Amino acid sequence: RPDNFSQLVYQIKRIAPDIRLSDVNRIFVHRLRDSIAKTVSDQTGELLKKNTVWRLFCQFGWIMQRATDEGLANFRREQIPSLKGMGGQPGKREALTYKELQRLVDTPCKDERTRIAFLFSCSTGLRWSDLKRLRWKNIVRHDDRYQLEMLQSKTKKFVYVPLNKLAMSLLPDIDNCSPDDLVFNHLYKDTDILNEHLCRWVEDAGIDKHITFHCFRHTYATLQIAAGTDIYTVSKMLTHSNVATTQIYAELVSEKKVETISKISLKDTETTL
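Residues numbered from 1 in each chain as written. Predicted model: local features only at pLDDT ≥ 70, side-chain atom pairs only at ≥ 80, totals over all residues. Heavy atoms only, no water.

**Description of the side chain of T124**
Note on placement: T124 falls in helix 5 (residues 112-124). The class of T124 is buried, set by a relative accessible area of 1%. Reaching out from T124, the side chain makes a polar contact with the backbone oxygen of F120 at a distance of 2.7 Å. Side-chain polar atoms of T124 contact the backbone nitrogen of L126, separated by 3.3 Å. Discounting chain neighbours no more than four positions away, the residues touching T124 are L148, V161, L163, A167 and Y220. (Helix = DSSP H or I, 4+ residues; strand = E, 2+ residues; numbered from the N terminus. Buried < 20%, exposed > 50% of the residue type's maximum accessible area, 1.4 Å probe, protein only. Polar contact = N/O pair within 3.5 Å; in protein donor to acceptor, adjacent residues only side chain to side chain. Contact = heavy atoms within 4.5 Å.)

What follows is the structure, encoded as structure tokens:
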């Protein structure tokens, strides 16, 4: 499947194959927006999802902003027209609000391993594939704080995430551990089992959402954005190759004000393995 940039280049060439950066104006951008929004997917035979339209158009906006900053164009990102009503039904990305997150923490979990994995992902944005291979050498001390530093298995990029108090409270005892030992060596290897426990926990908390483990990565991103963390920083912490991908999470934010994830103090967070 072509990446976002290839799709964007295809769309531009379809309506104006010879256009230069310096020629981009509001008329062209409206044509590009309408062309993307009316594109039918070869796979589904339906209009591109709203999330896809948003991602492509946002990427175009960032490209034009950079080109303008470098004197190659004269069209800034804030001039991008609205995407309201454009595209087909969105692909749903579930995430917990701050209140739902607190409610889940307040609800007893019948499986401690599930609880640990969930809370650590909410605190760091770490994928399951990386959480289960996290080693003590990836927890690095810098003066009076600790930071998670590791090569992510999916993106093959290094991630650097400061560990807040919640994340630190979830780390098992380091005594008698070597740098190459797994931090969480009792986690499930099968995500189906993890998600089964997770679904039961979410149901017990009275949360009416379809939540899988990856939704906690979404939760981390949306809480950071809702708290005012700039989208470039969130993008770096999630190791997104394009900030337009991170922009999608802004649509999931439903609360105007929440405490930042690095400052929240969830009750009953002391956990041992």
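**Thoughts on a nonpolar patch on the surface**
A surface patch of nonpolar side chains, amounting to about 340 Å² of accessible area, comprises F5, L21, I63 and L72. As for its placement among the helices and strands, L72 is situated in the loop between helix 3 (50-69) and helix 4 (98-106). For L72, a relative accessible area of 47% puts it in the partly exposed group. (Patch = residues over 30% accessible without salt bridge, like charges linked within 9 Å, V, L, I, M, F, W, Y side chains within 5 Å. Areas by Shrake-Rupley, 256 points an atom, 1.4 Å probe, with all protein chains shown as cover. Salt bridge = Lys/Arg side-chain N within 4 Å of Asp/Glu carboxyl O.)

**Examining the pairing of strand 2 (residues 145-151)**
Two strands pair when backbone bridges link them, and strand 1 (residues 139-142) and strand 2 are joined in this way by 4 bridges, in the antiparallel orientation. Bridge assignment links R141 to a residue of strand 2, and that residue is Y146. Between the antiparallel neighbours strand 1 and strand 2 lie 2 residues, among them D143 with a positive phi of about 60°. Pairing of strand 2 with strand 3 (residues 158-162) involves 5 bridges; the strand directions are antiparallel. Residue pairing in the sheet places L151 in a bridge with F158 of strand 3. Counting the residues between successive antiparallel strands, the hairpin from strand 2 to strand 3 contains 6 residues, one of them, K156, with a positive phi of roughly 60°. (Pairing = 2+ DSSP bridges.)

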